[in-house]
Amino acid sequence: MKNITLSADESLIEAARRRAAAEGTTLEALFRRWLAEYVGRGRQAEAAMAVIQELRETIDTGGRRFTRDKMNER
């Protein structure tokens, strides 16, 4: 595991430490979780765009364009 150094206002860090402690965790654990989620969101976005591209290549609308209202009609 690689160490990094972050800088922030001292009062903000102390408040974050207190909140983390109240939640039974540490700033380090929270940061690791945030970092994993941050990277995961990028991967989810890439996967979603790949699905959209695949759909664009397989669905033929005959050149028709649909409004949001038309697509939501039941």
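Heads up: the structure comes first, above all this text.
Only a predicted model underlies this, so the values are computations on that prediction, with no experimental measurement involved. (Residues numbered from 1 in each chain as written. Predicted model: local features only at pLDDT ≥ 70, side-chain atom pairs only at ≥ 80, totals over all residues. Heavy atoms only, no water.)

It is not clear to me how the pattern of salt bridges should be interpreted in this structure. Could you clarify?
A pair can form between side chains of opposite charge whenever their charged atoms are brought close. The final tally for this structure, using the stated rule, is four salt bridges. A salt bridge links E23 to R19; its shortest N-O distance comes to 3.0 Å. Judged by relative accessible area, which is 59%, R19 ranks as exposed. Note that R32 is salt-bridged to E28, the shortest N-O span being 2.8 Å. Taken as a pair, R32 and E28 lie in helix α2 (residues 27-58) at a separation of four residues, close to a single helical turn. (Salt bridge = Lys/Arg side-chain N within 4 Å of Asp/Glu carboxyl O. Buried < 20%, exposed > 50% of the residue type's maximum accessible area, 1.4 Å probe, protein only. Helix = DSSP H or I, 4+ residues; strand = E, 2+ residues; numbered from the N terminus.)

Got a minute to help me understand the packing of aromatic side chains in this structure?
Two numbers describe a pair of aromatic rings. These are the distance of the centres and the angle of the planes. Taken as a whole, this structure holds two aromatic pairs when the rule is applied. Ring centres 5.1 Å apart and planes at 20° place the aromatic pair W34 and Y38 in the stacked group. Pair noted here: W34 and Y38 are both in helix α2, with a separation of four residues, about one helical turn. Ring-pair connections join several aromatic residues into one group, and the members of that group are F31, W34 and Y38. (Phe/Tyr/Trp six-rings, centres within 6.5 Å; stacked < 30°, edge-to-face > 60°.)

I tried to follow helix α1 (residues 10-22) on my own but got confused; where do I start?
Residues lying three or four places apart along an α-helix face the same way, a consequence of the helix completing one turn every 3.6 residues. For α1, which comprises 13 residues, the first-to-last C-alpha distance of 18 Å matches the rise-based estimate of 18 Å (1.5 Å per residue) to within 8%. The buried fraction of α1 is low, at one of 13 residues. Phi turns positive, to about 75°, at G24, one or two residues after α1. (Expected span 1.5 Å × (residues − 1).)

Honestly, it's all geometry; don't read function into it.
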